[in-house]
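Chain and residue survey
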Amino acid sequence: MKAWIVSDMHVNNSELARNSLEVPDADVCICAGDVSGIVEMSVQFVLRNISPRMPVVMTLGNHEFYGATIDAGLKTARRMTKGTNVTVLENETFFFGNARIVGATLWTDFEIEHGVESELPVPQRKACAINVCKHYMMDFHAIFRSDWPERGIPGLVTPKELIERHIKSRTFIASELADKFDGPTVVLSHHAPLPRSLHPQFKGHPSNGAFASDLSAIIEQGKPDLWVHGHVHHFLDYREGTTRVICNPRGYERERAHTSFISGLVVDI
């Protein structure tokens, strides 16, 4: 099976009408989220420009939830893709050919090391990352809290909700990987599963906690054949044990000359 790997296309309004994306020949597109900054636009772009060429298996990125709650964004994506050849995964497994694709946005636990000589203990490190990310990450200014319709009080998403979602997703992924499968296994997430995926230029910055978590133990035990992620805007292709990790982001229009995006990245699974 040949899979086209892509993420973080960050399509703008003008690109929605004119497809500037080169779509290669493949059996399936595996998309790791952040097609655009609006979930409706993201799904519409995929349906119009990719799914006529091949089935699409995708997870939503953090940008897809801007202007909505996470639950509402997922509901919209599933409504728009129902009956199509586009499959949106959130703590779900999709079987395609002889392979299984285990997918979730993943989010993070804000606990990764900052990469400095004197690391803070985990509780202080986590608190520091959360405080920095709440100020600088747009997620905390553009995504709404999922429980506000029930509470009747609108509000913005909290670190607590994202951590709870992360724990649920990593538990699901670990459980699926523990279930033996006679065929190749792909894990698909938007957020990075390893600190190794972070760019060296951001070493020591607490905001790294919003981009990656350390799922090395899950990878070591579950041994998926491939882990596809997005969120970091630079190309990656490396090995963690026996698992190949790939990130192929196009990035924002202003940075596309520097992400090392490979428009026709097709891999054999």
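Nothing here was measured: the structure is a model prediction, and the numbers come from that model.

About the thresholds
Per chain, residues are indexed from 1 in the order of the written sequence. Under the rules for a predicted model, residues below a pLDDT of 70 receive no local features and side-chain atom pairs below 80 are neither given nor counted, while totals for whole chains, interfaces and linings still include all residues. Side-chain numbers come from the whole structure's heavy atoms, not from hydrogens or water. In this text, helices come from DSSP runs of H or I with a minimum length of four residues, and strands from runs of E with a minimum of two, each type numbered from the N-terminal end. For every residue, the accessible area (1.4 Å probe, protein chains only) is compared with the maximum for its type, and the residue is labelled buried under 20%, exposed over 50%, or partly exposed between those bounds. Working convention: axes come from line fits to C-alpha atoms, limited for helices to the stretch in contact. Angles between N-to-C directions cover 0 to 180 degrees. For classification purposes, an angle smaller than 35 degrees is called roughly parallel, one larger than 145 roughly antiparallel, one from 65 to 115 roughly perpendicular, and anything else oblique. Crossing handedness: left-handed means the near helix sits turned counterclockwise from the far one by under a right angle, and right-handed means the same turn made clockwise. Note on contacts: a residue pair qualifies if any of its non-hydrogen atoms lie within 4.5 Å across the two residues. When residues are sorted by character, Ala, Val, Leu, Ile, Met, Phe, Trp, Tyr, Cys and Pro go into the nonpolar class, Asp, Glu, Lys and Arg into the charged class, and all the rest, Gly among them, into the polar class. What we call a nonpolar core is a set of buried Ala, Val, Leu, Ile, Met, Phe, Trp, Tyr and Cys residues that are connected through their side-chain atoms within 4.5 Å. Think of a salt bridge as a Lys or Arg side-chain nitrogen and an Asp or Glu carboxyl oxygen that are within 4 Å of each other. Only strands joined by at least two bridges in the DSSP assignment are considered to pair. Any two rings among Phe, Tyr and Trp, with Trp reduced to its six-membered ring, count as a pair given centres within 6.5 Å; such a pair is stacked if its planes are under 30 degrees apart, edge-to-face if over 60, and tilted if neither. Note on terminology: disulfide denotes any pair of cysteine sulfur atoms within 2.5 Å.

Position of Arg 250 among the secondary structure elements: in the loop between β10 (243-247) and β11 (266-268). Residue Arg 250 is classed as buried on the basis of its relative accessible area, which comes to 7%.

Attention shifts here to the packing of helix α2 (residues 39-49) against helix α3 (residues 70-81). Relative placement of two packed helices is described by the angle separating their axes and the distance separating the axes. For the pair α2 and α3, the least separation of the axes is 9 Å and the interaxial angle reads 25°. Taken together, α2 and α3 sit at an angle that is classed as roughly parallel. When the axes of α2 and α3 are compared, the crossing they make is right-handed. Counting all contacts with α2, which are made through Val 39, Glu 40, Val 43, Gln 44 and Leu 47, the residues of α3 involved are Gly 73, Thr 76, Ala 77, Met 80 and Thr 81. Of the residues assigned to the contact of α2 with α3, the class counts are five nonpolar, four polar and one charged.

We now examine the nonpolar core. Counting 41 residues, the largest nonpolar core has Trp 4, Met 9, Ile 50 and Met 58 as its most contacted members. Of all the elements, α2 adds the most residues to this core, at five residues. Beyond its immediate chain neighbours, meaning those up to four positions away, Met 9 contacts Leu 21, Cys 31, Asp 34, Val 35, Phe 45, Ile 50, Arg 250, Gly 251 and Arg 256.

A separate point is the pattern of salt bridges. Should their charged atoms come close, side chains of opposite charge can pair. Throughout the structure, instances matching the rule amount to eleven salt bridges. Across the salt bridge formed by Asp 268 and Lys 2, the nearest N and O atoms sit 2.9 Å from each other. Taken together, the residues Asp 268 in strand β11 and Lys 2 in strand β1 (residues 2-6) connect sequence positions 266 residues apart. For Asp 268, a relative accessible area of 59% corresponds to the exposed category. Arg 145 is the partner of Asp 147 in a salt bridge, and the nearest nitrogen-oxygen pair spans 2.6 Å. Its relative accessible area of 15% is what places Arg 145 among the buried residues. A single salt-bridge network, built from bridges that share partners, covers Asp 71, Glu 161 and Arg 165.

With that settled, the discussion passes to the side chain of Thr 105. Its location among the elements puts Thr 105 in the loop between β6 (99-104) and α4 (122-136). Note on Thr 105: relative accessible area 1%, which makes it buried. Excluding residues within four positions of it along the chain, Thr 105 makes contact with Thr 59, Leu 60, Phe 65, Glu 90, Ser 189, His 190 and His 191.

This part takes up the pairing of β1. Most of β1 is tucked away, with four of its five residues classed as buried. Of the pairings in the sheet, the one linking β1 to strand β2 (residues 28-31) comprises four bridges and is parallel in character. Note on β2: the bridge partner recorded for Val 6 is Cys 31.

Looking now at the packing of aromatic side chains. Here a ring pair, both rings aromatic, is described through the centre-centre distance and the interplanar angle of the planes. For the structure shown, the criterion picks out four aromatic pairs. Measuring from ring centre to ring centre gives 5.8 Å for Phe 65 and Trp 107, while their planes differ by 35°; the resulting arrangement is tilted. With Phe 65 in the loop between β3 (56-58) and α3 and Trp 107 in the loop between β6 and α4, the pair connects residues that are 42 residues apart, well separated along the chain. Classification of Trp 107 by relative accessible area gives buried; the value is 1%. Ring centres 5.6 Å apart and planes at 45° place the aromatic pair Phe 95 and Phe 181 in the tilted group. In this pair, Phe 95 sits in strand β5 (residues 92-96) while Phe 181 sits in the loop between α7 (159-178) and β7 (185-189), placing the two residues 86 residues apart along the sequence.

A few words now on unusual backbone geometry. The backbone of Phe 110 shows a phi angle near 65°, a positive value even though the residue is not glycine. Position of Phe 110 relative to the elements: it lies in the loop between β6 and α4. Phi is positive for His 231, which is not a glycine, with a value near 80°. For His 231, the position within the fold is in the loop between β8 (226-228) and β9 (236-240). What makes His 231 buried here is its relative accessible area of 5%.

What follows is about the state of the cysteines. Across all of its chains, the model carries zero disulfides by this definition. Cysteine Cys 31 shares no disulfide, and the gap to the nearest cysteine sulfur, in Cys 29, comes to 5.4 Å. Residue Cys 247 stays outside any disulfide, its sulfur separated by 11 Å from that of Cys 31, the closest cysteine. Judged by relative accessible area, Cys 247 falls into the buried class, the value being 0%.

Across the sheet, which stays open at both edges, the five strands sit in the order β4-β3-β2-β1-β11 with mixed pairing between neighbours. Pairing within the sheet leaves two strands with one partner each, and these edge strands are β4 (86-88) and β11. Direction aside, the axes of adjacent strands within the sheet are offset by 25° on average. Note that β3 and β4 share three bridges and pair parallel. Counterpart to Met 58 in the pairing with β4 is Val 88.

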